[in-house]
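# Coordinate inspection notes
What follows is the residue order along each chain.
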Amino acid sequence: MYMIGAMVAAGFIILACLARHEEGKPLDRMALYIYKKGCIYRIPVLNAHPVQRDLESLYPGESGLLLQGEYYRKKIRLLLAVLSVGTLLGVSARLGADMESSLTDNGELLRPARGEGARQVKLMVQTEGEDPCTILVEVPERRANEKELEESYEEFWEQWKKRTLADNPSWQEVSLPLEPAEELEGFPFEVSWKSSNYEVLGRNGTIHALQIPVQVRLTVESRYLDFCRQEELDVCVIPQTLKGTERLAARVLDAYGLAQQKYADQDRILLPDSLGESDLSWREVREDHGPVLMLMTLATAAAVFVLQDRDLHKQVLKRRERMKENYPVVLNKFILYLGAGMTIRGAFQKIAQDHCGGEKEEYQPLYQEMLFACNRLQAGISESRAYEMWAARTGLQDCARLSAMLIQNLKKGNAALLVRLREEGERALQEELNLHRKKGEEAGTGLLAPMVMMMAIVMVLVMVPAFRSFGL
C-alpha cells in the first residue's frame, strides 16, 4: 500500500510540475493540463460529441467547445480530488494497522495496559516442512489481586461446569471441544485451568488426535483478589482426528498457553521458537484495509467520471420535457396573434418577449429558445432558417411540425394555416392530457410500497392482540 501511495504522490508531483504554467489553483491547473493533452491526442473520453450537444442544448447561445472544456475540467478536477483523498485514506489505514502491531521483532507480544482489557491478536506461524497456519490468540492485561465472594462461589462453579461442558453429554463422554470460560457474567471470579495431559486436551479445550479414550484431570482455579478456590475434574476424552494445519494450530495453541502462563506477571509474552524438533517463525496478521480503500477509490473515481455524463443527459431530457409542457401554450398564443392579424415573425417575437427576463426565463426553456431564435433574426438570418434552427435545437417533434407549417406559409403561402394550427393545438392538448394522466399513474404506482408497508403494520397491530387472547 505504501508503494501505491508513493506512486500516486509521485504522479501528482510530476503532474503539478508539468501544469505549473496553467492558470488557477493546483487541481485546476492539473485538470486543465490533462484536458489539453487529451484534446491534442484525441482521447475519446475527453472528446465526446454527445456531451457537447447536451451542453449546447442546456446553454443556448454559448460556444459548445468552451462549455465542453469547462465541463471536462471540472470532471477531471473532481476525479483527481477523489483519487488523492482515497489514496490518503488507504495509506492512513495501513499506517494505523502498522502502529497497532502487538508483535515485536524479538518474538514478544505486548500486553495491554491495565484497565484496557484483553486484546485479540491474529498470528501467522510457520515451521519447516509445514504450511503456514493462522491462529487467533488473546493477550490479557496484567493481572491484579482480587477478592472472592464465598456466598456465590457454589452457583458460579455449577454454571462454569455447564458452560465448559458445551455440547458433550457428560464429563465421562467428552468427544467435542470444551468451551472453558475465563469469567462468567454476573460473577467476579477469574478462572484458570490446567490439563494433566495437553497432548490430549489442549489449552483452549481442543481435542487432539488419539486412537483410544484417555482419562484427563482438569485442575480449575478460581480467584477474586485474595480468595482462591481450586477444583479437580476427571474427564474421559474421546479425541477427534486432526490433520495438516489443524493439528499444527492445536499444538501451537498449547505451546502458547504454556508461554502465557509462564509470563503472566510480565508485560510481554515470549513466544516459543520451537515445537519439538521443528523451529517456529511468527508473523502477525494485521487487518490492512488500504488495498480495499484503494479499489473503492478507483471505482468511485470511475463512477464519478462516467455518471456525470448521464446526469448531464438527464438534465437535457428534463429540459426537453419542460419544453413539451410549454408547447400547447405557445401554440395557442400563435393562433391568437395570427388570428388578430399579426405576421408570423411578429407573433413569434411577441411570444418570446412576453417571457423575456426575470425568473421565468430559467423555468421555461421553450421561450428561451424562441428568444435565441429572435436574436438570430435580428442578426440577419433568414426567417425560414431561424425557424428551422429553433425546431432543431428544441429536439421536439411538435416544434418540428410547427416550424414546417410556418416555413411552408412563408415560401408558398397557406390560407388554411389557422385551421391547421387549431388542429395541431387540439392534438397538443390531448397529448398534454395523456402526459399528465401517465404521471398520475406513475405517482400512484410509487405509493404502492408505502401503502403495503402501512397495511402490514396495521395487520400486525390487529393480529398480535388476537393471537395473545387465544394464548398463542
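The text that follows walks through the structure, step by step, so that each part is easy to find. This one's a predicted model, so the numbers in the text were calculated from it and none came from an experiment.

## What about the sheet that holds strand β5 (residues 214-224)?
One open sheet accounts for three strands, arranged β4-β5-β6; its pairing is antiparallel. Edge strands, defined here as strands with exactly one partner in the open sheet, are β4 (190-195) and β6 (227-237). The average undirected angle you get between the axes of adjacent strands in this sheet is 20°. Across six bridges, the pairing between β4 and β5 is antiparallel. Counted as the bridge partner of E190 is R223 from β5.

## Some words on the sheet that holds strand β2 (residues 119-127)
Backbone-to-backbone hydrogen bonds join strands into a sheet, with any given pair of strands oriented parallel or antiparallel. Read from one edge to the other, the open sheet built from four strands follows the order β3-β2-β9-β8, with strand pairing classed as antiparallel. The sheet is open, and its two edges are formed by β3 (133-139) and β8 (274-275), each paired on a single side.

## Structural notes on the packing of aromatic side chains
Under the definition given, this model contains seven aromatic pairs. With a centroid separation of 5.4 Å and 70° between ring planes, the pair formed by Y71 and Y72 is classed as edge-to-face. Overall, the relative accessible area of 0% leaves Y72 in the buried class. Seen from their ring centres, F334 and F348 are 6.1 Å apart, and the 55° between their planes marks the pair as tilted. Remark: F348 occurs in helix α8 (residues 344-354) and F334 occurs in helix α7 (residues 290-339); sequence separation between them is 14 residues. Judged by its relative accessible area of 0%, F348 is buried. The positively charged end of K75 is found above the aromatic ring belonging to F305, 3.7 Å away from the centroid.

## Describing the pattern of salt bridges
All told, the structure shown has 20 salt bridges when counted by the stated rule. Note that E388 and R385 form a salt bridge whose closest N and O atoms lie 3.8 Å from each other. Taken as a pair, E388 and R385 lie in helix α11 (residues 383-394) at a separation of three residues, close to a single helical turn. The class for E388 is partly exposed, based on a relative accessible area of 42%. Put simply, K324, D398, R401, E424, R427 and E431 are held in one network by salt bridges that share partners.

## Description of the nonpolar core
By size, the foremost hydrophobic cluster in this structure holds 31 residues, and its most contacted members are F334, F348, M370, W390, L402 and L421. Those residues in contact with W390, other than ones at most four positions away along the chain, are F348, L366, E369, M370, A373, C399 and L402.

## Here's the deal with the packing of helix α10 (residues 365-378) against α11
Relative to each other, α10 and α11 sit at 150°, their axes nearing to 9 Å. Regarding the angle of α10 to α11, the classification is roughly antiparallel. You can see that α10 and α11 cross each other, and the crossing is right-handed. Contacts from L366, E369, M370, F372, A373, R376 and L377 of α10 reach α11 at E383, A386, M389, W390, R393 and T394. For the contact of α10 with α11, the residue count by class is eight nonpolar, one polar and four charged.

## Topic: the side chain of D398
Mapped onto the secondary structure, D398 falls in helix α12 (residues 397-411). If we skip the residues at most four places from it in the chain, D398 touches K324, Y327, E424, R427 and E431.

## Re the environment of A303
Residue position: A303 is located in helix α7. Its relative accessible area of 31% is what places A303 among the partly exposed residues. Expressed as a C-alpha distance, the spacing of A303 and L79, which sit 224 residues apart in the sequence, is 9.5 Å.

## Details of the pairing of β5
Consecutive side chains along a regular strand alternate between the two faces of the sheet. Direction of pairing for β5 relative to β6: antiparallel, over a ladder of eleven bridges. Along β6, the bridge assignment pairs V216 with V235.

## Here we look at α7
Between its terminal C-alpha atoms α7 stretches 73 Å, which fits the 74 Å expected from 50 residues at 1.5 Å a residue. Where α7 ends, the next residue or the one after it, G341, has phi of about 105°, a positive value.

## Section: unusual backbone geometry
In this structure, A166 is a non-glycine residue whose phi angle is positive, near 55°. You can see A166 is positioned in the loop between α5 (153-165) and β4. The exposure class assigned to A166 is partly exposed, which follows from its relative accessible area of 27%.

About the criteria used
Sequence order as written defines the numbering, with residues in each chain counted from 1. For a predicted model such as this one, the threshold for reporting local features is a pLDDT of at least 70, and the threshold for listing and counting side-chain atom pairs is 80 or more; totals across whole chains, interfaces and linings nevertheless cover every residue. Water and hydrogen atoms play no part in the side-chain values, which are based on all heavy atoms of the structure. Here a strand pair is declared whenever DSSP counts at least two bridges between the two strands. Strands here mean DSSP runs of E at least two residues long; helices mean DSSP runs of H or I at least four residues long; both are numbered from the N terminus. Axis angles are defined between N-to-C directions and span 0 to 180 degrees, where every axis is a line fitted to C-alpha atoms and, for a helix, only to the segment in contact. The aromatic pairing rule takes the rings of Phe, Tyr and Trp, using the six-membered ring of Trp, and pairs them if the centres are within 6.5 Å, calling planes under 30 degrees apart stacked, those over 60 edge-to-face and the rest tilted. In this scheme, a residue with accessible area under 20% of its type's maximum is buried, one over 50% is exposed, and one in between is partly exposed, where area comes from a 1.4 Å probe on protein chains only. In our convention, an over-ring charge means Lys NZ or Arg CZ found within 6 Å of a ring centre and within 35 degrees of that ring's normal. We define a salt bridge as a side-chain nitrogen of Lys or Arg found within 4 Å of a carboxyl oxygen belonging to Asp or Glu. The criterion is simple. A nonpolar core is a set of buried Ala, Val, Leu, Ile, Met, Phe, Trp, Tyr and Cys residues joined through side-chain atoms within 4.5 Å. A contact between two residues is defined here by any heavy atoms of the two lying within 4.5 Å. Reported orientations rely on four angle classes, namely roughly parallel under 35 degrees, roughly antiparallel over 145, roughly perpendicular from 65 to 115, and oblique for the rest. Crossing handedness: left-handed means the near helix sits turned counterclockwise from the far one by under a right angle, and right-handed means the same turn made clockwise. Only Asp, Glu, Lys and Arg are considered charged, only Ala, Val, Leu, Ile, Met, Phe, Trp, Tyr, Cys and Pro nonpolar, and every remaining residue, Gly among them, polar. The span one expects for a helix is its residue count, reduced by one, times 1.5 Å.

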